[in-house]
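Inside the fold
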Amino acid sequence: MLDVVQDYWVYFLIGQYPNGPLGGLVLTLLLASCGLVLALPLGIVLGLARVSPWRWLRWPVTGFVFVVRGLPLLMVIFWAYFFLPSVTGVKTDQFTTMLIALVVFDAAYLAEIVRAGIQGLPRGQMETARALGLGYGAAMRLVVLPQSLRSMLPSLVNQFVSTIKETSLGYIIGLAEVSFIATQINTQVFTKPAQIYLILGLTYFILCFGLSRLAYALERRLARRGLAVADPDAAPKVSA
Amino acid sequence: MPLFDYSLLLTGQYHDMLVAGLWLSLQLLVVSLVCALPIALVVALLRLAPVAPLRWLGFAYVESIRNIPLLAHMLFWYFGAPELLPEGIKQRLYEGHIEAYSAIVALSLYTAAFMAEDIRSGIRAIPAVQFEAGRALGFGFLGTMRRVVLPQALRVTVPPLISQTLSLWKNTSIATVIGVAELMYQAGQVESATFRSFESFAFASAAYLTVSLAITGLASWYHHRFPVRTL
């Protein structure tokens with residue numbers, strides 16, 4: 001086990017960089033961070049649309065969220081992979097394709113977290129803000145969202161863990177993230193598949209377990225301050 | 001060529017491939033679900049066991065499975081695990097459908113970890129006095145669980161278990177990476193044989209969505225039929 005680590009750890013961490021494209025664990029983390037950062041604003045907008053009083057806005061967004069949540073991420077990736085080039089006319093590389101698929105997929109899940117956060121807040125908050133003379137938009141922006149975003153913090157960390165796990169599906173379109181690199185190493189070494197995939201699993205475990213402990217600690221802290229997430233079931237517990 | 005060729009999906013060789021893929025996906029769903037449920041129940045009981053080492057064992061199982069992507073599980077069970085087996089068994093495995101068995105093992109173990117957490121929180125939702133009353137009547141730990149706590153807990157547990165089933169359904173698509181000829185794999189095959197990517201992916205998406213919506217419908221039916229009773 002150790003000699004595999006000794007020979008291939010640089011390749012495992014950063015791929016062929018700087019002599020080739022960036023890959024490995026660093027690419028996994030980069031992809032997951034970019035995905036979540038881009039998905040968050042979109043998720044908030046979609047979440048606001050899900051609770052908006054206007055039907056023409058609420059219904060199409062609800063439909064979108066249901067469709068995306070009903071499809072496997074792999075299906076979303078395939079659509080992005082085969083359709084983006086034919087629609088836009090530009091051949092998108094694997095990183096962009098995967099990023100777009102992740103943003104669309106995560107935004108739908110984040111929308112539900114945002115919705116649960118907003119609906120978990122006591123109704124009196126909105127009513128008080130309106131009674132003070134604020135419009136719907138201002139009441140949302142100044143009173144409701146800041147409070148609900150804070151209670152969403154643990155769910156966001158959990159979503160980041162899910163996103164890290166989701167990036168592994170870049171494997172299927174040949175993106176050089178850490179699972180793909182592990183398979184490359186496996187074909188080079190050939191005799192130690194069990195060890196190599198154990199190392200891969202261990203790498204994901206250390207990363208994700210650390211982060212999910214962080215989410216747990218945040219949850220405890222918020223609960224002590226009486227800001228517990230009202231509907232933890234809305235937070236995704238599963239994904240690829 | 002027409003813009004959207006329905007005939008490709010309705011009859012012929014490609015129609016048969018896609019339907020065979022859907023059928024295999026459904027089989028993966030059912031077999032994995034049947035294997036996952038008992039494992040999940042055992043792990044949930046381990047996590048609540050009165051003996052500390054058993055609780056640690058349950059915790060280690062759940063966390064080590066949940067924090068690793070399903071894809072890595074699949075790769076391990078397909079490429080890695082068979083290599084560790086003795087030669088004779090390995091031979092026999094490679095003659096059969098090893099990719100399907102690996103996928104079922106990965107899916108079952110993965111889903112069981114999530115379901116165990118749902119069952120555990122269902123059990124914890126039952127007031128502690130119920131357990132104490134069972135023990136006071138002279139039942140052992142397992143007897144109290146089986147006769148008093150579990151029958152009540154399962155009612156609370158079914159809705160989250162249905163939503164885990166939905167995740168399991170979507171996760172069956174990942175079996176495509178180790179070459180199981182399920183729906184996603186067949187859609188890819190049809191796409192590369194005909195270059196009709198829109199048609200084949202539309203079929204696969206519609207099939208995934210239909211089953212997903214059916215599972216969601218089941219959840220809301222259950223919710224309506226068996227509302228949570230509070231004591």
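Look up a bit, the structure's there.
Calculation criteria
Residues numbered from 1 in each chain as written. Chains lettered and ligands numbered in written order. Predicted model: local features only at pLDDT ≥ 70, side-chain atom pairs only at ≥ 80, totals over all residues. Heavy atoms only, no water. Helix = DSSP H or I, 4+ residues; strand = E, 2+ residues; numbered from the N terminus. Buried < 20%, exposed > 50% of the residue type's maximum accessible area, 1.4 Å probe, protein only. Contact = heavy atoms within 4.5 Å. Areas by Shrake-Rupley, 256 points an atom, 1.4 Å probe, with all protein chains shown as cover. Lys, Arg positive; Asp, Glu negative; His and termini not counted. Charge placed at Lys NZ, Arg CZ, Asp CG, Glu CD. Axes fitted to C-alpha atoms, helices over the stretch in contact; angles between N-to-C directions. Parallel < 35°, antiparallel > 145°, perpendicular 65-115°, else oblique. Left-handed = near helix turned anticlockwise from the far one by under 90°. Nonpolar A, V, L, I, M, F, W, Y, C, P; charged D, E, K, R; others polar. Phe/Tyr/Trp six-rings, centres within 6.5 Å; stacked < 30°, edge-to-face > 60°. Lys NZ or Arg CZ within 6 Å of the ring centre and 35° of its normal. Salt bridge = Lys/Arg side-chain N within 4 Å of Asp/Glu carboxyl O. Expected span 1.5 Å × (residues − 1). Bend = angle between axes of the 7 residues up to and from the residue. Buried area = accessible area lost by both parts, 1.4 Å probe. Polar contact = N/O pair within 3.5 Å; in protein donor to acceptor, adjacent residues only side chain to side chain.

The next point concerns the overall build of chain A. A tally of helices and strands in chain A yields 10 helices and 0 strands. Looking at chain A residue by residue over its 240 residues, the buried ones come to 50%. In chain A, 73% of the contacts between residues at least 6 apart in sequence involve partners at least 24 apart. Within the structure as shown, chain A displays about 11,400 Å² of accessible surface, and the carbon and sulfur contribution to it stands at 66%. Across chain A, 18 positive and 11 negative side-chain charges occur, with their mean positions spaced 12 Å apart.

Residue and element names in this part refer to chain A. Close contact between helix 2 (residues 24-50) and helix 5 (residues 94-120) brings their axes to 6 Å; oriented N to C, the two are set at 45 degrees. Considered as vectors, helix 2 and helix 5 are oriented oblique to each other. Helix 2 and helix 5 meet at a crossing whose hand is right-handed. Classifying every residue of the contact of helix 2 with helix 5 by side-chain character gives 22 nonpolar, 3 polar and 4 charged.

Turning to the packing of aromatic side chains, a few remarks are in order. Counted under the stated rule, the structure contains 19 aromatic pairs over all chains. Judged by centre distance (4.9 Å) and plane angle (65 degrees), the ring pair of B:Tyr78 and B:Phe79 falls under edge-to-face. One aromatic cluster in this structure is built from A:Phe78, A:Trp79, A:Tyr81, A:Phe82, B:Phe198 and B:Phe201. A cation over an aromatic ring shows up here: A:Arg213 above the ring of A:Tyr216, its NZ or CZ 4.9 Å from the ring centre. Lying across the ring of B:Phe226, B:Arg225 places its NZ or CZ 4.7 Å from the centre.

All names here are of chain A. For the structure shown, the criterion picks out 10 salt bridges over all chains. Between Glu 112 and Arg 50 there is a salt bridge whose closest N-O contact spans 2.8 Å. Linking Glu 112 in helix 5 with Arg 50 in helix 2, this pair joins segments that are 62 residues apart in sequence. Across the pair, Arg 50 and Glu 112 agree in class, each one buried. Put simply, Glu 112 and Arg 115 hold a salt bridge, and the shortest N to O gap is 3.3 Å. With a gap of 3 residues between them, Glu 112 and Arg 115 both fall in helix 5, about one helical turn apart. An identical accessibility class is assigned to Glu 112 and Arg 115; each is buried. Here the salt bridges share partners, and the residues they tie into one network are Arg 50, Glu 112 and Arg 115.

Another point: helix 8 (residues 141-171) of chain B. The end-to-end C-alpha distance of helix 8 of chain B is 35 Å, clearly below the 45 Å that 31 residues give at a rise of 1.5 Å each. The axis of helix 8 of chain B is deflected most strongly, by about 55 degrees, at B:Val149, and proline B:Pro151 appears within four residues downstream.

The next thing to look at is the interface of chain A and chain B. In this assembly, 38 residues from chain A lie in contact with 39 residues from chain B. Summing both sides of the interface, chain A and chain B together bury roughly 3,300 Å²; the carbon and sulfur share of this comes to 76%. At the boundary of chain A and chain B, one finds 0 salt bridges. There are 7 residue pairs in polar contact (both at pLDDT 80 or more) connecting chain A and chain B. Taken together, the elements giving at least two residues each to the side of chain A that touches chain B come down to helix 3 (55-70), helix 4 (73-88), helix 8 (153-166), helix 9 (178-189) and helix 10 (193-224) of chain A. No other element matches helix 10 of chain A, which puts 12 residues into the side of chain A that touches chain B. A per-class count over the side of chain A that touches chain B returns 26 nonpolar, 8 polar and 4 charged.

By themselves, these observations are geometric and do not establish any function.
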